[in-house]
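# Remarks on the overall topology
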Amino acid sequence: MLRKYDYDLFVIGAGSGGVRAARMAASKGKKVAVAEERYLGGTCVNVGCVPKKLFVYASQFPELYKASEGFGWNFKTMPSLDWKILRNNKTKEIERLNGIYQDLIEHSGADLFNSRATIAGPNNVTVNKTTYSAETILVATGGWPFVPDFQGKEFAVTSNEMFYLEELPKKAVVVGGGYIAVEFAGILNGLGVETHLVYRGPRLLKSFDKEMTNKICEGMQRKGVHFHFNSEIRRITKTSGSLNVTLDSGCVLDADLALYATGRKANTEALGLENTAVVRRENGSIVVDSFFATADPNVYALGDVIDRVQLTPVAIQEAMVLIDHLYGDGATTINYDNIPTAVFSQPEFGSVGLSEEKASERYTDVQIFVSEFRPMLQTLGGGGERILMKLVVDGETDLVLGCHMVGEHAAEIIQGMGIAVTAGATKAQFDATVGIHPSAAEEFVTMRSQVR
Ligand code: NDP
C-alpha cells in the first residue's frame, strides 16, 4: 500500500508520555517514529522520580541504624557514606533502565532516532538533516528546571546536577518550597549535609492541606533541616571554594552548594513550533484541548510540556487517552480531580482529593477526621516522629473528598486510598472496611471522632 506519509505518528521526546504513546500506537499497527536528543525515559527515569527515590532510600539509613539499637542491634559506630558508590550505583541502575526503554521502543516496532527533532511544518519533522512526513506529530518534550535571574545565578545548580555531583557538599542551601526543594532538603539532610531551605512564602507545599504540610515541616525540622521562610536570595558570591548566600534579610549563609528548585518550564524552545499554528502560553507551555490537540490540527502535545499536572503517571494516562482518541474507540478518559500524589519528603507525604481548605471553599458541611499517633517502629526504636492522617468528608453526602497522610509509607498507603476516593467511597464504607492490624493504614478505617 502506498503511504501518504512516512509515518502515522512522529513523537518528539522519549519521556514517560512520549514512549507510552509511541508503543501504544505501534501496537495498533501504526507506523511510528520517536526522536530523543538526550536520554531515554525522560526526566522521571534520568533526573527525577527514579534516582530521587534511590537517594531517599540512601538518606534514610542513618535513622534506621539508630532505631535498630532499641531492637538490640549494635553497630558500634555509625557507618559512613561513600557518596561516589551511591552516585555511581544509581547511574548504573539508570543506564539499565535506559536500555529497557530502548528495547521497549524497538520491540514495539517504532523507529528510534537518538537525535534532536524539529518541526519543519505541520506534517514535517526534520531529524539528522532528513525531513520525514507524518500524519500526526506529538510533542512530548517535557520540561527543564527554571532558575530566576539574580546576582550569582551561575553558582546555583538545579535538580539535574544533583544526581551527578562530584562531591557531596558539607553545607547546602536549597531554594524553593515545592516538591523538589522539600525532597532534596530531606535527602541532603539525611546524607549528613547541613541543610538550609530558603522559601519566599510562609509555608511549604502551599497547594496542599495546611495541617499536613505544617506536620512535614515540623518533622523535617526535628530531623535537622533549617528553614528560612519569607526569605529570598539577594545574591550568591564565591569565596575560595565556598559560596556566600545572602538573603534579603541580610543574613549570609555559607555553603558548598546552592540548589535552586524553583519550578520547571516547558521545553518548547527551538522546536520549530513557529512553523505550525501551535499556541503557547507566556511560560512556553503548549495550549491543548481535552484530547491534547493543539491549535494546529496535525500537532498534539502532552505531559509536562502542556503544564497541567507535572507527574509521570499523568503523562502516561494522557498518552493512553490520546492514542485511544486517535486510533481506538475513544473510551479512555482522564480525571484530573482526584490524582493521588506523594512527596518523598522526610517524613513522607501522600495525598488524594481535596485539602480541608479547598473542601471548605466548595462545601458547606465539611467534616474532618484526624488521627495522630506514634509509629510502631519507634516504640522500641525511639525518635519523636508522629504519623498524621486526615479524612475530609462531605457531611451532606458522606463522600470522602480527601485523604491525606504524613508518615512512613504514606505513598504506598495513599495509592490504595486513591482507588476508594476515585470510586466515590463514603465515610460509612471506610468505616465498614476491616482494618489490617497492626498497621498504620488501618487508622483510615477506624477514625470515628470528628474533630471539626
Ligand atoms: P514546584 O512548582 O512544586 O515548586 C516551585 C517552588 O519554587 C515554589 O515553592 C515556588 O514558590 C518557588 N519559586 C518559583 N519561582 C521562584 C522565584 N523566582 N524565586 C523564589 N522561589 C520561586 O516546582 P518543583 O521545581 O519543586 O517541581 C516541579 C514539578 O515536578 C512539581 O510541581 C511536580 O509536579 C513535579 N515533581 C513531582 C514529584 C513527585 O511526584 N514526588 C517530585 C518532584 C517534582 P511559590 O510557591 O511562592 O510560587
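In the block above lies the structure referred to throughout.
All values derive from a computational prediction rather than experimental measurement.

## What about the nonpolar core?
Phe-10, Val-139 and Ile-286 are the most contacted members of the largest nonpolar core, which has 53 residues in total. When neighbours within four sequence positions are excluded, Phe-10 is seen to be in contact with Ala-33, Ala-35, Phe-113, Ala-117, Val-125, Val-127, Tyr-132, Ala-134, Thr-136, Ile-137 and Leu-138. Val-56, Leu-191, Phe-208 and Ala-411 belong to the second-largest nonpolar core, a separate cluster that totals 41 residues.

## Some details on the pattern of salt bridges
Side-chain pairing between opposite charges can occur once the charged atoms of the two side chains come close. According to the stated counting rule, one finds 25 salt bridges in the structure shown. Here Arg-222 and Glu-218 are joined by a salt bridge, their closest N and O atoms 4.0 Å apart. Placement of the pair is Arg-222 and Glu-218 together in helix H7 (residues 210-223), with a separation of 4 residues, close to one helical turn. Look at Glu-218 and you get partly exposed, because its relative accessible area is 39%. Connected via shared salt-bridge partners are Asp-209, Glu-211, Glu-356, Lys-390 and Arg-452.

## A closer look at the site of the ligand
Surveying the vicinity of the ligand reveals 19 residues, the closest of which are Gly-177, Ile-180, Tyr-199, Gln-310 and Ala-342. The contact in question runs from an oxygen atom of the ligand to an N or O atom on the backbone of Ala-261, over 3.4 Å. Gly-263 is positioned such that a nitrogen or oxygen atom in its backbone is 3.0 Å from an oxygen atom of the ligand. Alone, the ligand offers 910 Å² of accessible surface; in the complex the protein occludes 76% of this. Looking at the shell around the ligand residue by residue, the classes come out as 8 nonpolar, 6 polar and 5 charged.

## A short note on the packing of aromatic side chains
In the structure shown here, the tally under the stated rule is 15 aromatic pairs. Between the aromatic rings of Phe-10 and Phe-113, the centroid separation amounts to 5.9 Å while the plane-to-plane angle is 10 degrees, which identifies the pairing as stacked. Placement of the pair is Phe-10 in strand S1 (residues 7-12) and Phe-113 in strand S3 (residues 111-113), with a sequence separation of 103 residues. A network of ring pairs unites the aromatic residues Tyr-7, Phe-10, Phe-113 and Tyr-132 as a single cluster. Stacked on the ring of Phe-369, the Lys or Arg Lys-427 has its end atom at 4.3 Å from the ring centre.

## A few points about a nonpolar patch on the surface
A cluster of nonpolar side chains, Tyr-57, Phe-61, Leu-64, Phe-71, Trp-73, Phe-75, Leu-377 and Leu-380, forms an exposed patch at the surface whose accessible area comes to about 830 Å². Secondary-structure assignment places Phe-71 in the loop between helix H3 (49-69) and helix H4 (83-108). The partly exposed category is assigned to Phe-71, whose relative accessible area is 40%.

## Observations concerning the packing of H3 against helix H6 (residues 179-190)
It is at 8 Å that the axes of H3 and H6 come closest, and there the two elements cross at 40 degrees. Classified by the interaxial angle, the pair formed by H3 and H6 is oblique. Considering only the axes of H3 and H6, their crossing is left-handed. Residues Lys-52, Phe-55, Val-56, Ser-59 and Pro-62 of H3 lie in contact with H6, whose contacting residues are Glu-183, Phe-184, Gly-186, Ile-187 and Gly-190. Taken together, the residues of the contact of H3 with H6 sort by class into 5 nonpolar, 3 polar and 2 charged.

## Points about H4
For H4, which comprises 26 residues, the first-to-last C-alpha distance of 37 Å matches the rise-based estimate of 38 Å (1.5 Å per residue) to within 8%. Taken together, the buried positions of H4 are occupied by Trp-83, Leu-86, Arg-87, Lys-90, Thr-91, Ile-94, Leu-97, Asn-98, Tyr-101, Ile-105 and Ser-108. Packed against the buried residues of H4 are helix H1 (16-27), strand S2 (32-35), helix H2 (42-47), H3, S3 and helix H5 (159-162). Capping the start of H4 is the job of one residue whose side-chain oxygen sits 3.1 Å from the backbone nitrogen of Lys-84: Asp-82. Where H4 ends, the next residue or the one after it, Gly-109, has phi of about 100 degrees, a positive value.

## Comments concerning the packing of H1 against helix H8 (residues 312-327)
H8 packs onto H1 with a crossing angle of 30 degrees between their chain directions and a minimal axis gap of 8 Å. Classed by the angle they form, the pair H1 and H8 counts as roughly parallel. Between H1 and H8 lies a crossing whose hand is right-handed. Residues Ser-16, Gly-17, Arg-20, Ala-21, Met-24 and Ala-25 of H1 form the contact with H8, whose participating residues are Thr-312, Ala-315, Ile-316, Ala-319, Met-320, Ile-323 and Tyr-327.

## Description of the sheet that holds strand S19 (residues 349-353)
Taken in spatial order, the 5 strands line up as S18-S19-S22-S21-S20 in an open sheet, and their pairing is antiparallel. Every other strand in the sheet has two partners, leaving strand S18 (341-343) and strand S20 (366-373) as the edge strands with one partner each. On average, each strand axis in the sheet is inclined to that of its neighbour by 10 degrees, with strand direction left out of account. Pairing analysis gives 8 bridges linking S20 to strand S21 (residues 387-394), with the strands arranged antiparallel. The partner of Ser-371 across the bridge, within S21, is Met-389. Docked against the sheet, helix H11 (residues 410-422) engages S18, S19 and strand S22 (400-406), running at close to 175 degrees with respect to S22.

## Things to note about unusual backbone geometry
Here the residue pair Gln-346 and Pro-347 is connected by a cis peptide bond, since its omega of 10 degrees sits within 30 degrees of zero. Take Pro-347: it is sitting in the loop between S18 and S19. In this structure, Pro-438 follows His-437 across a cis peptide bond, with omega equal to -10 degrees. Tracing the backbone through its elements, the reader meets Pro-438 in the segment after helix H12 (427-432). Residue Ser-240 is not a glycine yet carries a positive backbone phi of 30 degrees. Tracing the sequence through the fold places Ser-240 in the loop between strand S12 (233-239) and strand S13 (242-247). Accessibility expressed as a relative area gives 79% for Ser-240, which makes it exposed.

Cut-off values and rules
- Sequence order sets the numbering: in each chain, residues are counted from 1 along the sequence as written.
- Where local features are concerned, this predicted model is filtered to residues with pLDDT of at least 70; where side-chain atom pairs are given and counted, the filter is 80 or more; whole-chain, interface and lining totals use all residues.
- The side-chain numbers reported here are obtained from all heavy atoms of the structure, hydrogens and water having been left aside.
- For our purposes a nonpolar core is just a set of buried Ala, Val, Leu, Ile, Met, Phe, Trp, Tyr and Cys residues, chained together by side-chain atoms within 4.5 Å.
- Three exposure classes are used, based on accessible area relative to the maximum for each residue type with a 1.4 Å probe and protein chains only: buried under 20%, partly exposed in between, and exposed over 50%.
- Contact between two residues is taken to exist if any of their heavy atoms lie within 4.5 Å; hydrogens are not considered.
- Salt bridges, as used here, are contacts in which a Lys or Arg side-chain nitrogen is within 4 Å of a carboxyl oxygen on Asp or Glu.
- Counting from the N terminus, the helices are the DSSP runs of H or I reaching at least four residues and the strands are the DSSP runs of E reaching at least two.
- In these notes, residues near a molecule or strand are those with any non-hydrogen atom within 4 Å of it.
- Polar contacts, as used here, are pairs of N or O atoms within 3.5 Å; protein pairs need one atom able to donate a hydrogen and one able to accept it. Residues neighboring in sequence count only if both atoms are side-chain atoms.
- Note on areas: Shrake-Rupley, 1.4 Å probe, and residue coverage restricted to the protein chains presented here.
- Gly falls in the polar group here, along with every residue not listed as nonpolar (Ala, Val, Leu, Ile, Met, Phe, Trp, Tyr, Cys, Pro) or charged (Asp, Glu, Lys, Arg).
- Centre distance within 6.5 Å is the pairing criterion for rings of Phe, Tyr and Trp, where only the six-membered ring of Trp is used; planes under 30 degrees apart are then read as stacked, over 60 as edge-to-face, and the remainder as tilted.
- Each ring is checked for a lysine NZ or an arginine CZ that lies within 6 Å of its centre and within 35 degrees of its normal; such an atom marks a charge sitting over the ring.
- Patch membership is restricted to residues that have no salt bridge and whose relative accessible area is over 30%. Joining uses 9 Å for like charges and 5 Å for the nonpolar side chains Val, Leu, Ile, Met, Phe, Trp and Tyr.
- Simply put, an axis is a line fit to the C-alpha atoms, just over the touching stretch for a helix, and the angle between two N-to-C directions goes from 0 to 180 degrees.
- The labels follow the angle: roughly parallel below 35 degrees, roughly antiparallel above 145, roughly perpendicular from 65 to 115, and oblique for the rest.
- Two helices that cross are described as forming a left-handed crossing if the nearer one is turned anticlockwise from the farther one by less than a right angle, and a right-handed crossing if clockwise.
- Expected helix span is taken as 1.5 Å per residue step, with the number of steps being one fewer than the number of residues.
- Here, any two strands with at least 2 DSSP bridges between them count as paired.

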